[in-house]
Amino acid sequence: MTAGSREENAVSGPVPRVRREEVRRRLLDAAAEVFAERGYQAARLDEIARVAGFTKGAVYSNFASKHALLAELIGQHVRHQIAVTSIELDAEHRAEGVLEDTARAYARGIVEEGTWTRLLVEIAQQASHDPDVREAYVGVRRALRDELATTLTTACEQLGAELLVPAEQLALTLQSLRLGLALEHGTDPEQVDHDTVVAVFATTLRGLFRRRASS
């Protein structure tokens with residue numbers, strides 16, 4: 001070993017161990033990138049690991065399968081959307097315009113995130129004939145639907161409004177409407193544009209809420 005190489009090794013030292021939370025975060029970021037580029041079905045775990053800077057073993061030590069990785073990625077993304085929407089609505093703080101504000105937040109998520117739109121549509125289609133994908137996809141969709149129902153109930157209490165249908169039913173309506181409008185916007189963005197998506201959401205919401213009568 002030359003003096004130069006010994007000096008280089010001394011400077012670099014042992015490679016620090018990456019924390020598990022950081023490994024998972026990097027794998028999820030890489031999965032989002034690879035899924036977006038290749039589509040879910042064509043994406044390979046070894047490529048996801050390479051993009052994240054790890055070996056394929058790192059994927060299996062953190063996620064049981066590609067389906068499990070997908071489920072967490074979808075859950076993480078949608079929870080982030082729900083959180084951002086809640087923050088935006090709190091900032092607006094307009095009880096009289098909350099339905100329109102909510103509709104605009106949903107529309108923005110559809111129109112500005114075309115990559116996720118395409119991915120979710122692909123997964124929904126594949127889940128209809130692949131039991132493994134269905135198990136991962138249905139589980140996370142149910143969990144997110146429950147979270148959305150809770151969020152809607154809390155929002156109604158804060159705004160002095162009441163739902164005309166059960167919160168779980170409204171959550172399913174919004175979840176289905178979002179996926180359907182995402183598909184329509186993705187295939188016909190000129191006609192199903194931002195304003196059209198806002199109008200559809202706002203009309204739906206206005207028919208399912210009402211202000212509580214003052215006591």
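What counts, and at which threshold
- Residues numbered from 1 in each chain as written.
- Predicted model: local features only at pLDDT ≥ 70, side-chain atom pairs only at ≥ 80, totals over all residues.
- Heavy atoms only, no water.
- Axes fitted to C-alpha atoms, helices over the stretch in contact; angles between N-to-C directions.
- Helix = DSSP H or I, 4+ residues; strand = E, 2+ residues; numbered from the N terminus.
- Parallel < 35°, antiparallel > 145°, perpendicular 65-115°, else oblique.
- Left-handed = near helix turned anticlockwise from the far one by under 90°.
- Contact = heavy atoms within 4.5 Å.
- Nonpolar A, V, L, I, M, F, W, Y, C, P; charged D, E, K, R; others polar.
- Core = buried A, V, L, I, M, F, W, Y, C linked by side-chain atoms within 4.5 Å.
- Buried < 20%, exposed > 50% of the residue type's maximum accessible area, 1.4 Å probe, protein only.
- Domains from an automatic or database assignment.

As recorded in an unreviewed UniProt entry, the protein goes by the name AcrR family transcriptional regulator, listed as coming from Amycolatopsis endophytica.

Caption draft 1: Broad picture of the packing of helix H7 (residues 114–127) against helix H8 (residues 131–159). Running from amino to carboxyl end, H7 crosses H8 at an angle of 125°, the nearest separation of the two axes being 8 Å. The pairing of H7 with H8 is recorded here as oblique in orientation. Between H7 and H8 lies a crossing of left-handed hand. Together, Leu 120, Ile 123, Ala 124, Gln 126 and Ala 127 of H7 and Val 133, Arg 134 and Tyr 137 of H8 make up the contact between the two elements. Taken together, the residues of the contact of H7 with H8 break down into six nonpolar, one polar and one charged.

Caption draft 2: Layout of the nonpolar core. Counting 33 residues, the largest nonpolar core has Leu 27, Phe 35, Tyr 40, Ile 48, Leu 69, Ile 74 and Ile 123 as its most contacted members. At the level of secondary structure, the elements contributing two or more residues to this core comprise helix H2 (20–38), helix H3 (45–52), helix H4 (56–62), helix H5 (66–92), H7 and H8. If you tally residues by element for this core, the top one is H2, at seven residues. In terms of domain composition, this core takes at least three residues from each of domain 1 (18–63) and domain 2 (65–211). With 27 residues, the next largest nonpolar core counts Leu 170, Leu 174, Ala 182 and Leu 205 among its residues.

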